[in-house]
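Commentary on secondary and tertiary structure
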Amino acid sequence: MKAVVFHGIGDIRFDTVADPSINDPGDAIVRLTSSAICGTDLHFVRGTMPGMKQGTILGHEGVGVVEEVGKGVRNLRRGDRVVIPSTIACGNCSYCRGGYTAQCDDANPNGPTAGTAFYGGPAPTGPFDGLQAEFARIPYAFHNLVRLPQDVTDDQAILLSDIYPTAWFGAECAEVGDGDVVAVWGCGPVGLFSVLSAFQKGAHRVIAVDGHEDRLERARLLGAETVDFNKENPVEAIKELTRGIGPDRAIDAVGVDSEMPKEGPAAEQAKRMAEQFQREVKAIAPEAKPQGDQWKPGDAPSQALTWAVETLAKAGTLGIIGVYPQTDRFFPIGAAMNKNLTINMGNCNHRTYIPKLLDMVDGGTVDPTQVLSHVEPMSDVIEAYKQFDLRRPGWIKVELKPGR
């Protein structure tokens, strides 16, 4: 089969690899009809999330059709259409039963304290071959595959595999409730769904911050008030918008590849922080191999977090769903503590949230495809990766269509 394979930092290829097979009675083989490129995939290619093994198939978002099931899978049959939760969970341990499927005790072969297992990730997450492929092996398939209603399209379902549930989880982490003013940092696909999720959870106002006008325009269409950090100082702008109080809740949907402002009134302060940011990048991604502007790590890893903490109202809540590796140790803890902030963070419990969100999509409450910008054939995947990596205007969320 054809698949997107990691060969090293800055080196991904569309290769021919062996088809997967049933290894365990709980496995299923799924023929992928839809996959996607996620910002997390870019962390691996840029080197800002270390530990990737050469030869790992990338991708953790997938929709497809069941081709084969192991004898331990009793709720699925060949031909069932399914969405694949990005994080892997056994469905039996105390964490899974409590809804914390991202912290399953059994899914990660590195042991119960190793943390989240997911497709297409670095060695500490399994590793498990990913979903940017024609076929995939799904462990604990009785739990890790969710059957799709007939009227839910692949284009809708692929956005339920990871980014919509992750954003919903981010709004839960931020404790968003009725009447809240919420700041969403980053208007990539997860940030846009965070805007949507915050409103769905009762927020009265959502302020979305980014440095790319095309992304901010999409946030406006979802109802957010927008701040362009390349045109104004986001801290001052948010204080002005909230009578100096700040938002009640904030969601960091940026992560380790945060960028500092390149122009405007906030750029001068960022320049004064440049040496610190450079030290952060060196500590976090010592093996990064940018090729000009391609596969270049974000130049200000702690920028979004610092702004979020600085602007939050006293006793506010910060939900962190942007990806930060274990090599990142630059959280502004002193400023957060001095404001009595509550910090919640983590990897999304996808399997817990997908059924609820799927019901909303099937019922017509929301159409997640408003965040989808490109549908590309898998054969064009490398070029799509490059455009998405460079944050080209309009490249928000890329769906991939596998096929033989």
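None of these values were measured; they are calculated from a predicted model.

Here helix α13 (residues 350–362) contains 13 residues, and its C-alpha end-to-end distance of 18 Å stays within 8% of the 18 Å for a straight helix at 1.5 Å per residue. Looking at the buried positions of α13, the neighbouring elements they touch are β5 (81–84), α3 (141–144), β7 (146–147), α4 (154–157), α5 (163–173) and α6 (189–200). A positive backbone phi angle near 85 degrees is found at Gly364, which sits one or two residues after α13.

In space, the six strands of this open sheet follow the order β10-β9-β8-β11-β12-β13, with parallel pairing throughout. Where the open sheet ends on each side, the last strands, each with one partner, are β10 (225–228) and β13 (342–345). Put simply, the sheet's adjacent strands are angled 20 degrees from each other on average, direction ignored. Direction of pairing for strand β8 (residues 181–185) relative to strand β9 (residues 205–210): parallel, over a ladder of five bridges. Bridging from a neighbouring strand, Trp185 pairs with Val209 of β9. Relative to strand β12 (residues 317–320), α5 is tilted by about 155 degrees, and along the sheet it contacts β11 (249–252), β12 and β13. Where helix α8 (residues 234–241) meets the sheet, its contacts fall on β8, β9 and β10, and the angle it forms with β9 comes to roughly 170 degrees.

Right, let's get into the packing of aromatic side chains. The final tally for this structure, using the stated rule, is six aromatic pairs. Look at Tyr164 and Phe193: their rings are 4.7 Å apart centre to centre, the planes differ by 20 degrees, and that puts the pair in the stacked class. A residue pair is termed long-range when its members are at least 10 positions apart, and Tyr164 in helix α5 and Phe193 in helix α6 qualify at 29 residues. What makes Tyr164 buried here is its relative accessible area of 0%.

Right, let's get into helix α11 (residues 303–311). Counting buried residues in α11 gives seven out of nine residues, a clear majority hidden from the surface. Every buried residue of α11 is accounted for by Gln303, Ala304, Leu305, Trp307, Ala308, Val309 and Thr311.

On to the environment of Pro247, then. By secondary structure assignment, the location of Pro247 is in the loop between α8 and β11. Overall, the relative accessible area of 0% leaves Pro247 in the buried class. Each C-alpha atom, one on Pro247 and one on Gly316, is 7.5 Å from the other, the two residues being 69 residues apart in sequence. Contacts of Pro247, omitting those with residues within four sequence positions, involve Val181, Val182, Ala183, Ile238, Thr242, Thr311, Leu312 and Ala313.

About the cut-offs
- Residues numbered from 1 in each chain as written.
- Predicted model: local features only at pLDDT ≥ 70, side-chain atom pairs only at ≥ 80, totals over all residues.
- Heavy atoms only, no water.
- Helix = DSSP H or I, 4+ residues; strand = E, 2+ residues; numbered from the N terminus.
- Expected span 1.5 Å × (residues − 1).
- Contact = heavy atoms within 4.5 Å.
- Pairing = 2+ DSSP bridges.
- Axes fitted to C-alpha atoms, helices over the stretch in contact; angles between N-to-C directions.
- Phe/Tyr/Trp six-rings, centres within 6.5 Å; stacked < 30°, edge-to-face > 60°.
- Buried < 20%, exposed > 50% of the residue type's maximum accessible area, 1.4 Å probe, protein only.

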